[in-house]
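Each chain is listed here by its residues.
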Amino acid sequence: MNLRLELTRFLSLGYVLSSSFMFWMGLSLFTDCHSPIVVVLSGSMEPAFQRGDILFLWNRNEKNNVGDVVVYEVAGKSIPIVHRVLKQHYDRSTGEQLLLTKGDNNNGDDVPLYARGNYYLNKTKDVVGTVKGYIPQLGYVTIWISENKYAKFGLLGLLALSSLISSED
Amino acid sequence: MFSLNQRFQHVSSLALSCSFLVIALIAATSWLQLVKDNVFELESQLSHIRSATRFAKQKRYGGSAVNPTEVSKIRFNADFDFSRLFNWNTKQVFAYVTAEYEGDENPHTMNEITIWDKIIPSRDNATFTLSDIDAKYQLWDLESKITERPLTFKLHWNIQPWFGFLINGETTGSKTIELKKPVDKQKGK
Amino acid sequence: MEVLQDLGRQLVFPIDFESQSYTESISNKALYLITFFSFISGYLTESIKVSGIVFVLGLIVVLVIVLPPYSAYNKHRPQWANSGPTVVEPK
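So, how was this worked out
- Residues numbered from 1 in each chain as written.
- Chains lettered and ligands numbered in written order.
- Predicted model: local features only at pLDDT ≥ 70, side-chain atom pairs only at ≥ 80, totals over all residues.
- Heavy atoms only, no water.
- UniProt positions renumbered as here; feature names shortened; annotations may be inferred.
- Domains from an automatic or database assignment.
- Contact = heavy atoms within 4.5 Å.
- Buried area = accessible area lost by both parts, 1.4 Å probe.
- 1 Å grid on protein atoms, 1.4 Å probe; cavity = no way out; pocket = protein on both sides within 12 Å on 5 of 7 lines; lining within 4 Å.
- Points joined across faces, edges and corners; volume = space filled by probe spheres on them.
- Helix = DSSP H or I, 4+ residues; strand = E, 2+ residues; numbered from the N terminus.

Per an unreviewed UniProt entry, the recorded name for chain C is Signal peptidase complex subunit 1, and the organism is Kluyveromyces lactis. The Sequence similarities (unreviewed entry) comment attached to chain C in UniProt states, word for word, "Belongs to the SPCS1 family."

You'll find chain A entered in UniProt as Signal peptidase complex catalytic subunit SEC11, with Kluyveromyces lactis given as the organism. Chain A has a UniProt comment under Catalytic activity that states "Cleavage of hydrophobic, N-terminal signal or leader sequences from secreted and periplasmic proteins." Quoted verbatim from the Subcellular location field of the UniProt record, the comment on chain A reads "Endoplasmic reticulum membrane".

A separate point is the domain arrangement of chain A. Residue and element names in this part refer to chain A. The domain architecture assigned to chain A consists of domain 1 (1-31), domain 2 (33-138) and domain 3 (140-169). The straight-line distance from the C-alpha centre of domain 2 to that of domain 3 is 33 Å. Taken together, the contact pairs seven residues of domain 2 with five residues of domain 3. For the pair domain 2 and domain 3, the two sides together bury roughly 470 Å², of which 49% comes from carbon and sulfur. Considering only the side of domain 2, the residues that lose the most area to domain 3 are Val-39, Arg-51 and Leu-138, jointly responsible for 67% of the buried surface there.

Tallied over the full model, the rule gives one cavity of 30 Å³ or more. One number sums up the size of the largest cavity: a volume of about 60 Å³. In terms of lining, the largest cavity is formed by Val-66, Gly-67, Arg-84, Val-85, Leu-86, Lys-102 and Asp-104 of chain A together with Phe-94, Tyr-96, Thr-114 and Asp-117 of chain B. Those elements giving two or more residues to the lining of the largest cavity turn out to be β4 (81-91) of chain A together with β3 (90-102) and β4 (109-120) of chain B.

This is how it looks when you write it as structure tokens:
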């Protein structure tokens, strides 16, 4: 047990954590979006997006066009939804925009998913970001870790074991 | 590079950077291919657009018993060839027809509504000659009237890539018409 | 703890200095070549799948060449000078 060595290790761990946090927050500021990279969880946009695909979002646009794929969050529901804009009504004087969305793979539009009594989304209030970039399947790891309890413990155990085994190199 | 661990980390981190380089090259060349193929000025034909309009009292359409909303069903002909949108980085093309119009009571609004869409999964099925087809979605506005003002119908496309950026574009053939007043005199009652 | 430390020491699989610089340069060059060929092969066949297969196969080959501590990688172990007093023979 070498205290200096342990502290150095702790410092490098802190370095890794803080630099990834800085990267995430920097990306967040750059895109004006609280979660600029998301993983698709459901099949409602198939075949465009499958479960596990990674989407890159951008939220500095003032308005959305019809045909854009947006991620939105409904007040009171914690899970963000990624669907395509079907209708848009933009008011040039106030800058307000109302959107109606629909999943490519769904039969009907999203009105049943919206907050009770709402028939449209508000671009500034509800939309988290517009999908600009795409990488397939890479996010499946996070789905696997969050949904399989053995995977979570296995991964933690592996990390702990490797940190114990890694000798002073 | 002294230990197995160091060698593995060196190779895997460089391989990760290299794979992102390959992805960037794929995205860039496929985009250049689209520019070279001049897809941003694809032609399309929309014709024979006609409508049947009714009054709806449901809240979903923004209507009420006192002030029902006009809801229009559209039929149209379309003729287009999207095979040039397919290259090695195209996963699917989403084709959609929209109606664009300015507000009437509130002239500051710009509105755009999808009336028909289609997922095109491959180059072999990218040529369409549609005649007298029903629009998938009905047309209604925030205001109670949708008829008797110029609506511009246009065919757009959206490329969903395997890697990289989603690309949007519109075709050159657009058609501006006014929908006919509903024959149903329900509103007057 | 001691067992784990011992295990850790056995899992180091060291190689000598010359081989360290050799494996580093060969893995860098090979990965750049793989990047190039994976892109070109995919572009010519118009298939992202081909690109992916070329890349993964190339990566596996690099790992097989670079990772294991082959005996050839340990031929040039440095001969450390003995510590301790230098003994001279009286005449």
